[in-house]
Amino acid sequence: MKYTVDKKETHTVFSINENNLNTLIAPDLKSELYILHDAGIKDLILDISDVQYVDSSGLSAILTGHRIWKAVGSFVLTGVKSDSVKKLIEISRLESVLNIVPTLDESVDYVKMEQLERDMEAENN
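Scope of this entry: the structure provided in the associated data block. All values reported here derive from a predicted model rather than from experimental measurement. Throughout this document, residue positions are counted from 1 along each chain, in the order its sequence is written. Thresholds applied to this predicted model are a pLDDT of at least 70 for local features of residues and 80 or more for the giving and counting of side-chain atom pairs; totals over whole chains, interfaces and linings are not thresholded and use all residues. Excluded from the side-chain calculations are hydrogens and water; all other atoms, namely the structure's heavy atoms, are used.

Examining the overall build of the chain
Point 1. Helix and strand counts for the chain stand at four helices and seven strands.
Point 2. Secondary structure follows DSSP: runs of H or I at least 4 residues long count as helices, runs of E at least 2 residues long count as strands, and numbering of each begins at the N terminus. Listing every helix and strand of the chain by position from the N terminus yields β-β-β-α-β-β-α-β-α-β-α.
Point 3. Along the longest, intermediate and shortest principal axes, the C-alpha atoms of the chain span 45 × 30 × 25 Å.
Point 4. Only protein chains enter the accessibility calculation, which uses a 1.4 Å probe; a residue whose area is less than 20% of its type maximum is buried, one above 50% is exposed, and one in between is partly exposed. Taking all 125 residues of the chain together, 42% fall into the buried category.
Point 5. Intrachain contacts of the chain at a sequence separation of at least 6 include 73% that bridge at least 24 residues.
Point 6. With an accessible surface of roughly 7,100 Å², the chain has 50% of that area assigned to carbon and sulfur atoms.
Point 7. The average position of the 13 basic charges and that of the 21 acidic charges among the side chains of the chain differ by 4 Å. The criterion used for residue contact is that any of the two residues' heavy atoms lie within 4.5 Å. Working definition of accessibility: Shrake-Rupley area with a 1.4 Å probe, residue cover restricted to the visible protein chains. Positive charges come from Lys and Arg alone, negative charges from Asp and Glu alone, with His and the N- and C-terminal ends not counted. Lysine's charge is taken at NZ, arginine's at CZ, aspartate's at CG and glutamate's at CD.

Digging into the packing of aromatic side chains
Point 1. Any pair of Phe, Tyr and Trp rings, taking the six-membered ring for Trp, is counted once the centres come within 6.5 Å. Such a pair is stacked with planes under 30 degrees apart, edge-to-face with planes over 60 apart, and tilted for the rest. Within the structure shown, the criterion is met by two aromatic pairs.
Point 2. With a centroid separation of 4.8 Å and an interplanar angle of 15°, the aromatic rings of Tyr3 and Phe14 are classed as stacked. Of the two residues, Tyr3 sits in strand β1 (residues 3-7) while Phe14 sits in strand β2 (residues 12-16), which places them eleven residues apart along the sequence.
Point 3. Take Phe14: its relative accessible area is 0%, and that puts it in the buried class.

Section: the sheet that holds β1
Point 1. By definition, two strands form a pair when at least two bridges between them are found by DSSP. The sheet built from five strands is open, its strands ordered β1-β2-β4-β6-β7 with mixed pairing. A single partner strand is all that each edge strand has here, and the edge strands are β1 and β7 (99-101). Between one strand axis and the next, the sheet turns through 20° on average, direction left out of account.
Point 2. Relative to strand β4 (residues 43-47), β2 runs parallel, the two being bridged by four bridges. Bridge pairing in β4 links Ser15 to Asp47. To obtain an axis, a line is fitted to C-alpha atoms, over the contacting stretch when the element is a helix, and the angle between two such axes runs from 0 to 180 degrees between their N-to-C directions.

Here it is in structure tokens:
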């Protein structure tokens with residue numbers, strides 16, 4: 001699987017540099033997501049701007065990321081540009097489960113807002 005990881009102070013961007021997120025790629029993505037989670041990354045943005053096709057195993061990998069980050073921070077899916085990927089997300093009704101943000105810049109802002117909310121909540125408890 002071709003990908004890039006851009007670690008910033010406040011978040012990490014994992015960009016998939018493949019056309020397909022399918023049965024061949026999904027296991028590698030899941031492994032990389034667990035590695036990042038185990039490394040202590042609290043907020044992850046998954047950028048699929050280059051992805052034109054996602055199958056059920058690809059969706060499963062994305063949901064794995066959502067599940068493992070739900071308890072520790074933010075997991076944001078961005079760059080959903082392909083009509084077929086949008087349609088699959090709609091059919092699966094995952095737009096109500098996943099945090100899907102159109103652009104990378106908006107995703108960074110979204111993560112920062114969630115961080116502020118968590119900080120405020122921690123202060124109030």
